[in-house]
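# Structural description and commentary
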Amino acid sequence: MPTTKVYIVFYSLYGHVEDMARKIQEGANGVDGVEATLWQVPETLPDGVLEKMKAPDKPHDVPEIRPEQLVEADGFLFGFPSRFGVMAAQFKAFFDATHELWATQALAGKPAGIFWSTGFHGGGQELTALTAVTQLAHHGMIFVPIGYTFGSGMFEMNEVKGGSSYGAGTYAADGSRQPTELELQQAFYQGKYVAEFTKKLKPRPLPAQ
């Protein structure tokens, strides 16, 4: 059986989205026949600005992705911090660079999930996902929400939890808060869910004549 390739493409400034991405990769790789790979989009801020923002180094074990490499994948999970209810400018710049893929609709029909990080409750936990869907729609990709299939974790009221029926999410607060175990469980589940969905949609080769 051919391998189903899932690309987990993310931008992370302070590491919160990266932590979610790694958990998503674990979940996706737990699906038989799926190969999930981590990729990061290029940084657009100068080193001097990043230093003043006290941003940590980018992960050295995650390569940067070029837009044309997206065609190699069967499905995606895109992750980013929220900026005023929309994806971070770095990730938007990456999508802006996919014009040639849009012109040929090279990504049409490929499933994609979304995950994110926001600062606080009003920071766009659902709005960030909604505004990101426009990018998928123009490429003809299939948005894969998790709905309420995560189960009881979706109804947790005794602790702060990011995420929604649109996908996994976390709160960073002032940057000091890290993803909780429940948020990471939802990320793991989303990786598995989208990977299984992608595997079902992947065209099977015709038998030899």
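Scoring rules and cut-offs
- Residues numbered from 1 in each chain as written.
- Predicted model: local features only at pLDDT ≥ 70, side-chain atom pairs only at ≥ 80, totals over all residues.
- Heavy atoms only, no water.
- Buried < 20%, exposed > 50% of the residue type's maximum accessible area, 1.4 Å probe, protein only.
- Helix = DSSP H or I, 4+ residues; strand = E, 2+ residues; numbered from the N terminus.
- Pairing = 2+ DSSP bridges.
- Right-handed = clockwise from strand over helix to strand, strands pointing away.
- Salt bridge = Lys/Arg side-chain N within 4 Å of Asp/Glu carboxyl O.
- Phe/Tyr/Trp six-rings, centres within 6.5 Å; stacked < 30°, edge-to-face > 60°.
- Patch = residues over 30% accessible without salt bridge, like charges linked within 9 Å, V, L, I, M, F, W, Y side chains within 5 Å.
- Areas by Shrake-Rupley, 256 points an atom, 1.4 Å probe, with all protein chains shown as cover.
- Expected span 1.5 Å × (residues − 1).
- Contact = heavy atoms within 4.5 Å.

In terms of burial, strand β1 (residues 4-10) is a largely internal element, six of the seven residues being buried. Judged from the seven bridges that link them, β1 and strand β2 (residues 34-40) form a sheet pairing that is parallel. Residue pairing in the sheet places Ile-8 in a bridge with Leu-38 of β2. Handedness of the crossover is the feature at issue here: the chain leaves β1, passes through helix α1 (residues 16-29), returns alongside β2, and the resulting connection is right-handed. Bridge analysis of β1 against strand β3 (residues 75-83) gives five bridges, and the strand direction is parallel. From the neighbouring strand, Tyr-7 faces β3, where its bridge partner is Phe-76.

What follows covers the pattern of salt bridges. Under the counting rule described, the total for this entry stands at nine salt bridges. Between Asp-61 and Arg-22 there is a salt bridge, with its nearest N and O atoms 2.9 Å apart. Of this pair, Asp-61 sits in the loop between α2 (47-52) and β3 while Arg-22 is found in helix α1, placing the two residues 39 residues apart along the sequence. Given the relative accessible area of 52%, Asp-61 is considered exposed. In this structure, Glu-183 and Arg-177 form a salt bridge, with 3.2 Å as the shortest nitrogen-oxygen distance. The pair Glu-183 / Arg-177 is uniform in exposure class, with both members buried. The structure contains a network of salt bridges with shared partners spanning Glu-18, Arg-22 and Asp-61.

What follows covers unusual backbone geometry. Here the phi dihedral of Lys-54 falls at roughly 60 degrees; this positive angle occurs in a residue that is not glycine. Here Lys-54 is to be found in the loop between α2 and β3.

Moving on, we get to the packing of aromatic side chains. Per the counting criterion, the structure on display carries eleven aromatic pairs. Taking 5.9 Å as the distance between ring centres and 70 degrees as the angle between the ring planes, the aromatic pair formed by Phe-78 and Phe-91 counts as edge-to-face. Of this pair, Phe-78 sits in strand β3 while Phe-91 sits in helix α3 (residues 89-96); the two residues are 13 residues apart in sequence, bridging distant segments of the chain. Note on accessibility: Phe-78 and Phe-91 belong to one class, buried. Among the aromatic residues, those joined into a cluster by ring pairs are Phe-76, Phe-78, Phe-80, Phe-91, Phe-94 and Phe-95.

Attention shifts here to a nonpolar patch on the surface. A cluster of nonpolar side chains, contributed by Tyr-14, Val-49 and Met-53, occupies part of the molecular surface with about 230 Å² of accessible area. Along the chain, the position of Met-53 falls in the loop between α2 and β3.

So, about α1. With 14 residues, α1 should reach 20 Å at 1.5 Å per residue; the first-to-last C-alpha distance of 20 Å fits that figure. Listed in full, the buried residues belonging to α1 are His-16, Val-17, Glu-18, Met-20, Ala-21, Ile-24, Gly-27 and Ala-28. Buried residues belonging to α1 abut β1, β2, β3, β5 (111-118), β7 (169-171) and α6 (181-201).

With that out of the way, let us pick up the side chain of Thr-170. Residue position: Thr-170 is located in strand β7. If sequence neighbours within four positions are ignored, Thr-170 has contacts with His-16, Met-20, Trp-116, Ser-117, Thr-118, Gln-125, Gly-162, Gly-163, Arg-177, Pro-179 and Glu-183.

Before going further, it helps to spend a moment on the environment of Lys-199. Summarising the element assignment, Lys-199 is placed in helix α6. A relative accessible area of 23% means that Lys-199 is categorised as partly exposed. For the pair Lys-199 and Glu-159, spaced 40 residues apart in sequence, the C-alpha separation works out to 34 Å. The residues contacting Lys-199, other than those within four sequence positions of it, are Met-1, Thr-4, Val-31, Asp-32 and Val-34.

The values are spatial; any link to function lies outside them.
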